[in-house]
Amino acid sequence: MPPTSFPSAVPDGARPPLAAVTADLGLLYGGDYNPEQWAPSVWREDARLMRAAGVNLVTVGVWSWARIEPEPGVRDFAWLDEVLDLLHAHGIAVDLATPTASPPPWLGVEHPETLPVDRDGVRLVAGSRNQFAPSSRRYRAAALAIARDLAARYATHPAVRMWHVGNEYGQVDHGPEAEREFRCWLRERYGTIDGLNEAWGTAFWSQRYRSFDDVVPPRRMPYLVNPTQSLDFRRFTSDELLACYREQHAALREAGVTTPVTTNFMGFFPLADYWSWADAVDVVADDQYPDHADPRSPADAALVQDLMRGLGGGAPWLLLEQAVGATSWREHNLPKSPERMRLDSLQAVARGADGVCFFQWRASAAGAERFHSAMLPHAGADTAAHRGVQRLGGDLARLRPVLGTRVPARTALLFDWESWWAAQEPGRITERLHTLDQVRAYYRPLWDRGVAVDVVRPGAPLGAYDLVVVPQAYLLPDDAARELRAAAERGACLVVGPMTGVADRNAHVLPGRFPVALADVLGVSGEEWVALPDGGVPLAGAVGVAHVHGELLRADDATVVARFAEGHLAGAPAITRRDHGAGAAWYVGAVVDEATLEGVLDDALALADVAAAVPGAAGLADVEAVQRGDLVFLLNRGGQGVRVALPGAWTDLLTGRDVADVVDLPPNDAAVLCPAGPTQETGDHEVH
Ligand code: GLA
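Residues numbered from 1 in each chain as written. Predicted model: local features only at pLDDT ≥ 70, side-chain atom pairs only at ≥ 80, totals over all residues. Heavy atoms only, no water.

With that settled, consider the overall build of the protein. Along its length, the protein carries 18 helices and 25 strands. By principal-axis analysis of the C-alpha atoms, the protein measures approximately 75 × 75 × 45 Å. Burial statistics for the protein: of 688 residues in total, 58% are counted as buried. For the protein, the share of sequence-separated contacts (at least 6 apart) that also reach a separation of at least 24 residues comes to 72%. Accessible area of the protein: about 25900 Å², with a carbon and sulfur share of 53%. (Helix = DSSP H or I, 4+ residues; strand = E, 2+ residues; numbered from the N terminus. Buried < 20%, exposed > 50% of the residue type's maximum accessible area, 1.4 Å probe, protein only. Contact = heavy atoms within 4.5 Å. Areas by Shrake-Rupley, 256 points an atom, 1.4 Å probe, with all protein chains shown as cover.)

Okay, structure coming up:
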């Protein structure tokens, strides 16, 4: 199958879509492949078994720098030529990685400045991975050189259909070169040292700087770090990593790469602001390792998947890594069944993925991840895990009609990295309030009810949404406040959680009754944030409890839905509602129990007239139902069969069976329903 052709150069800013790869390959299926760990005879067995399992894409080269460049400046590509040719001969495409996440040990030995320094001033050493300092000029030059040479050699190799830069960018460096670049970044941001002093509030604790040359990264300090310094260092770190990514991406393009270029995100990862990264990748790709022993992990995984869709503006994304079974880095490493692996994979597809891959194809015999599960376990192909892999390959091949389709949603959930970072800085009201916990708490009832949700960044246009949920926007930029106001004014429903709109972009607390920018929209204003005692405070007007965090509020122009019943806040409003035409804005001024939050969200859903995406599945506890394009995904994680009402005539793409009005789902099984019609393209595929 010839690769889809692209113009010989990709114009600046153009982003080859995932469709460039999926148009002929179908849904992508495979995993990381690390042939440098194996002999050529094993490669041949791998290629054969991959094909038999329906694998059509493998990520090669992530950890191969030391093999490609055994000595400084030397290049050994012969083995990689052989691997790529072999894979191509078996019809397996390659997502070729620049191997820059793990430089060879010699780089650190010859150039110690390429190694990162932690906040205690300790320079890390080789022997693991990720041992590079993103700001090191020497590292950057060496990484660019190998990326360029790789691209020059393989840009037009017919197996190579995607490129993968580095791996899971997330390194933090506090060394001298990071210091230099941090100062440049600050100069760029603030122009003058007075600007920095103002933004950082350095009048506090005598921190005033006389020059940018006096500023250092937040290394170990005697006591709490200036929170804006810390926030800026996080922003800088994300930007610096992004610069590493961008320069390799550009080098690949210059060398003639015309296919999509990406790197692997890590969901709600704290060290990179993926809203700022999203425009730099041609395709959003993510690594997902939900803890399958956690009963809420399907909801939490769905949230991450909705985030990935949001990062790509709704375009299909790629699940680039997940585990077939156990990971090797979790304390409670419970087994994961092939059925669960299949359901988790189909969940990603339901929520916008046009491909499902794993770490990794063949289990490593040696090294730190020797006990991480794989598509081909140590015990070989005659295993339940591998049969599960083969089965999934067959499933995905039947799902071609899903390609390129989008997930319609009328509910938006706001999430922002900068706000998360600022809200988590020490020295806050209570260390027990966590933005991510709040985001998950607000998302879960929506997931339980089968409501489709888009995760959006603050400031994104909200015109398409009838319900907007803001679990915690500690920093609420002006454009985000404007969008929320406009949404309320046109009659959309808003549900806003506590500690929102607290600070400006410099993390300075805003003067006035909070949330300053939204108090009039919400009809409520507050004057004190209060840490609640362990055990919580009962709420009057609801049967629930507030815990962790409450607020001293005054209902200026809102109805009080629930009040604090005891303690410091006794009698004060805890939850309020202000009607706006056909809609309403709720403010939840506390962390509240699940049932109370569900009550608020149910009222908002009812008023906004937002229902489950698949009404016939609503209320079925173990069933996740998602609409994607005109397809309906039904996933039954329960141990019992269930019947789902689905009016109309449908074909289950997984089984080829026609159904009408009801779908019988066996336990731990799934259906992907396509409106029945004469010209269904099922992309049927034979698994050998
Ligand atoms: C990450 C990395 C992989 C591997 C897996 C499993 O996703 O990208 O190289 O280490 O985790 O732990």
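What follows continues from the structure just given.
What the rule picks out here adds up to 52 salt bridges. A salt bridge links R129 to E168; the nearest nitrogen and oxygen atoms lie 4.0 Å apart. With a gap of 39 residues between them, R129 in the loop between helix 5 (105–110) and helix 6 (137–154) and E168 in the loop between strand 4 (160–165) and helix 7 (176–190) connect regions that are remote in the sequence. Looking at R129, the relative accessible area reads 32%, which means it is partly exposed. (Salt bridge = Lys/Arg side-chain N within 4 Å of Asp/Glu carboxyl O.)

On to a nonpolar patch on the surface. A cluster of nonpolar residues, F204, W205, Y223 and L224, forms a patch on the protein surface that exposes about 470 Å² of accessible area. In this fold, Y223 is placed in the loop between helix 8 (193–200) and helix 9 (227–254). (Patch = residues over 30% accessible without salt bridge, like charges linked within 9 Å, V, L, I, M, F, W, Y side chains within 5 Å.)

Around the ligand, the structure places W63, R129, N167, E168, N264, D287, Y289, E321, W329, F359, E369 and H372. Between the ligand and E168 there is a distance of 2.6 Å, counted from an oxygen atom to a side-chain nitrogen or oxygen. About the coverage of the ligand: the protein hides 97% of its 300 Å² of free accessible area. Classifying every residue of the shell around the ligand by side-chain character gives four nonpolar, three polar and five charged. (Near = heavy atom within 4 Å. Polar contact = N/O pair within 3.5 Å; in protein donor to acceptor, adjacent residues only side chain to side chain. Nonpolar A, V, L, I, M, F, W, Y, C, P; charged D, E, K, R; others polar.)

Turning our eyes to something else, we now look at the packing of aromatic side chains. Following the criterion strictly, the structure yields 27 aromatic pairs and no others. Ring geometry for Y29 and F358: centres 6.3 Å apart, planes at 80 degrees, overall edge-to-face. Of this pair, Y29 sits in strand 1 (residues 28–33) while F358 sits in strand 9 (residues 353–358); the two residues are 329 residues apart in sequence, bridging distant segments of the chain. Considered together, Y29 and F358 belong to a single accessibility category, that of buried residues. Arranged with centres 5.9 Å apart and planes meeting at 85 degrees, the rings of W200 and Y209 form a pair that is edge-to-face. (Phe/Tyr/Trp six-rings, centres within 6.5 Å; stacked < 30°, edge-to-face > 60°.)

Okay, the nonpolar core next. W163, L311, L399, L467 and F564 are the most contacted members of the largest nonpolar core, which has 148 residues in total. With 26 residues, the next largest nonpolar core counts A412, Y465, V470 and L494 among its residues. (Core = buried A, V, L, I, M, F, W, Y, C linked by side-chain atoms within 4.5 Å.)

Here we come to the domain arrangement of the protein. Taken domain by domain, the protein comprises domain 1 (26–402), domain 2 (411–608) and domain 3 (620–675). Taking the mean C-alpha position of each, domain 1 and domain 2 sit 34 Å from one another. Every contact between the two is made by 36 residues of domain 1 and, on the other side, 28 residues of domain 2. Together, the buried faces of domain 1 and domain 2 total about 2700 Å²; carbon and sulfur atoms form 58% of this surface. When the buried area of domain 1 at its contact with domain 2 is split by residue, F268, W275 and R296 rank highest and sum to 26% of it. For the pair domain 1 and domain 2, the number of links is four salt bridges. Its salt-bridge partner being E418, residue R235 comes within 2.9 Å of it at the nearest N-O pair. Here domain 1 and domain 2 share 15 residue pairs in polar contact (both at pLDDT 80 or more) between them. Of all the elements in the fold, those that place two or more residues in the side of domain 1 that touches domain 2 are helix 7, helix 8, helix 9, helix 10 (274–277) and helix 11 (297–311). Counting residues per element, the side of domain 1 that touches domain 2 draws most heavily on helix 11, at 10 residues. Residues of the side of domain 1 that touches domain 2, tallied by class, amount to 19 nonpolar, seven polar and 10 charged. (Domains from an automatic or database assignment. Buried area = accessible area lost by both parts, 1.4 Å probe.)

Before going further, it helps to examine unusual backbone geometry. With an omega of -5 degrees, the peptide bond between F359 and Q360 qualifies as cis. By secondary structure assignment, the location of Q360 is in the loop between strand 9 and helix 13 (384–397). Following F514, the chain continues into P515 via a peptide bond in cis, with omega recorded as -15 degrees. By the element assignment, P515 lies in the loop between strand 13 (493–496) and helix 17 (519–522). In this structure, N130 is a non-glycine residue whose phi angle is positive, near 65 degrees. Structurally, N130 can be placed in the loop between helix 5 and helix 6.

Once that is clear, we can look at the packing of helix 7 against helix 8. As a packed pair, helix 7 and helix 8 sit with axes 8 Å apart at the nearest point and diverge in direction by 90 degrees. If you check the angle between helix 7 and helix 8, you find them roughly perpendicular. Seen from helix 7, the contacting residues are F182, L186 and Y190; seen from helix 8, they are G195, L196, A199 and W200. Grouping the constituent residues of the contact of helix 7 with helix 8 by class yields six nonpolar, one polar and no charged. (Axes fitted to C-alpha atoms, helices over the stretch in contact; angles between N-to-C directions. Parallel < 35°, antiparallel > 145°, perpendicular 65-115°, else oblique.)

The next point concerns the side chain of H372. Along the chain, H372 turns up in the loop between strand 9 and helix 13. For H372, a relative accessible area of 2% gives the class buried. Here F359 takes part through its backbone oxygen, which lies 3.2 Å from a polar atom of the side chain of H372. Setting aside its immediate chain neighbours within four residues, H372 contacts Y289, A323, A326, T327, S328, W329, F359 and A363.

It is worth spelling out the confidence of the model for the protein at this point. Residues of the protein with pLDDT of at least 70 account for 97%, and the chain-wide mean is 95. Across residues 1–7 the pLDDT falls below 50, and counting only partners more than four positions away or on other chains, this stretch makes 15 contacts in the model. Low pLDDT (under 50) marks residues 679–688, which in the prediction has 24 contacts with non-local residues, meaning those over four places away or in another chain. (pLDDT = per-residue confidence, 0-100.)

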